[in-house]
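Coordinates in review
Residues per chain are reported as follows:
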Amino acid sequence: MIFRQLFDSVSSTYTYLLGCGDTHDAVVIDPVFEQHSRDTALIRELGLKVRYALDTHVHADHVTGAWLMRTALNAETVLSARYGIDNVDVSVDHGDVLAFGNCSLTVRATPGHTSGCLTFVTSGQDMAFTGDCLMIRGAGRTDFQAGDEHVMWHSIREQIFTLPDNCLVYPGHDYAGRTVSTVLEEKTFNPRIGGDAREEDFVGYMENLGLPHPKLIDIAVPANLNGGRPADDHPPGEINWGPVTMTFAGIPEIRPDWVARHLEDLFVLDVRSSGEFDGDLGHLDTAHLIPLSELRERLEEVPRDRPVVTVCQSGKRSAMAAEILLKSGFEQVANINGGLIQWSRLALPFLRH
Ligand SMILES: [Fe+2]
């Protein structure tokens with residue numbers, strides 16, 4: 001199985017990407033709205049087809065990226081039936097199974113943090129995605145959104161601690177950089193519910209956490225009840241001057257054939273040396289040469305009123321150039337994918353030798 005754990009540092013949320021190694025069908029668990037372009041870049045680069053966008057629960061601390069996944073990738077959104085929300089594609093409850101290729105996740109109802117919290121367990125019971133129920137040496141708070149520490153006690157003891165001891169526990173958040181635990185570790189060392197803890201010990205601990213009210217709750221909960229659909233139906237950071245795709249490395253890229261068709265509207269910035277500019281590979285008709293090492297000092301030569309596409313031999317130095325321009329406040333910037341090597345391989349016009 002293909003497995004990736006992704007992190008949103010603003011809300012300390014983990015997003016999980018699971019894919020079938022045979023068919024490349026996949027699911028994404030707890031995508032974060034603001035991380036949509038990062039997540040879709042990785043999904044595209046790994047060649048995955050996302051069947052389901054799952055939320056372990058209605059979050060109070062961040063907005064889900066589920067609606068964006070549905071719109072961009074045709075994923076079906078999945079949430080607990082216990083919230084009674086009707087704009088979800090697949091409402092699930094305890095015992096339901098979600099298949100993706102030759103892999104599957106079984107749903108366990110683990111309420112307590114909210115009434116509809118779910119834990120997703122892989123078919124071999126070797127991984128459990130526990131959301132905000134059991135966390136690494138912790139447990140999700142129970143002081144809002146119909147939270148109940150007695151209910152959570154039963155969820156953890158009866159639904160998570162009954163999994164095999166070596167089952168890996170992947171939580172919805174961690175605030176200390178811890179990435180994974182096991183059922184045995186938490187049964188033994190969890191300070192709230194591990195060891196000889198009894199229900200009243202757990203309840204006493206949870207009732208006295210003294211946490212501040214979540215900053216985003218008044219925004220996040222209503223948004224999440226709507227799947228995280230933006231008011232204007234546009235994804236965050238959407239680029240509309242051209243078909244720019246963000247790579248997982250965070251570089252905006254554009255296809256050379258599109259650039260060739262729109263050359264007159266673009267400022268082409270070549271960042272090779274002058275020797276290369278006049279060398280074998282040639283250069284684009286309208287290209288402006290600023291070697292990469294001089295770019296930071298010569299930014300005033302680059303216009304801000306039209307899109308800038310950067311180019312070099314193979315698209316590596318020009319990716320750095322795009323990064324420099326973005327950091328310097330240029331808004332319409334993209335790196336020509338594959339550079340002039342790809343341009344000449346495609347036999348595109350406007351290459352002057
Ligand atoms: Fe939560």
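Attention in this report is confined to the structure presented alongside it. None of these values were measured; they are calculated from a predicted model. (Residues numbered from 1 in each chain as written. Predicted model: local features only at pLDDT ≥ 70, side-chain atom pairs only at ≥ 80, totals over all residues. Heavy atoms only, no water.)

The next point concerns the sheet that holds strand 17 (residues 267-270). Judged by pairing direction, the sheet is mixed, and its six strands sit side by side in the order 15-16-21-20-17-19 without closing on themselves. Across the chains shown, the open sheet's two edge strands, defined by having one partner strand only, are strand 15 (245-246) and strand 19 (288-289). Pairing of strand 17 with strand 20 (residues 308-311), which is carried by four bridges, proceeds in the parallel orientation. From the neighbouring strand, aspartate 270 faces strand 20, where its bridge partner is valine 311. (Pairing = 2+ DSSP bridges. Helix = DSSP H or I, 4+ residues; strand = E, 2+ residues; numbered from the N terminus.)

It is worth spelling out the packing of aromatic side chains at this point. When we look at a pair of aromatic rings, we describe it by the centre distance and by the angle of the planes. Using the criterion set out here, one finds ten aromatic pairs in the structure. Relative to tyrosine 170, the ring of tyrosine 16 has its centre 5.5 Å away and its plane inclined at 65°; by these criteria the two rings are edge-to-face. Of this pair, tyrosine 16 sits in strand 2 (residues 13-19) while tyrosine 170 sits in strand 13 (residues 168-171), and the two are 154 residues apart along the sequence. The same class applies to tyrosine 16 and to tyrosine 170, which are both buried. Through successive ring pairs, a cluster of aromatic residues spans Phe3, Phe7, Tyr14, Tyr16, Phe129 and Tyr170. Stacked on the ring of phenylalanine 330, the Lys or Arg arginine 304 has its end atom at 3.9 Å from the ring centre. (Phe/Tyr/Trp six-rings, centres within 6.5 Å; stacked < 30°, edge-to-face > 60°. Buried < 20%, exposed > 50% of the residue type's maximum accessible area, 1.4 Å probe, protein only. Lys NZ or Arg CZ within 6 Å of the ring centre and 35° of its normal.)

Only one face of strand 7 (residues 97-100) is covered, namely the face carrying Leu98 and Phe100; the face carrying Val97 and Ala99 is uncovered. As paired strands, strand 7 and strand 8 (residues 103-109) are joined by four bridges and run antiparallel to one another. Considered in strand 8, the bridge of alanine 99 is made with serine 104. Counted along the chain from strand 7 to the antiparallel partner strand 8, the turn is two residues long, and its residue glycine 101 has a positive phi close to 60°.

Honestly, that's just the spatial picture; any functional story needs more than this.
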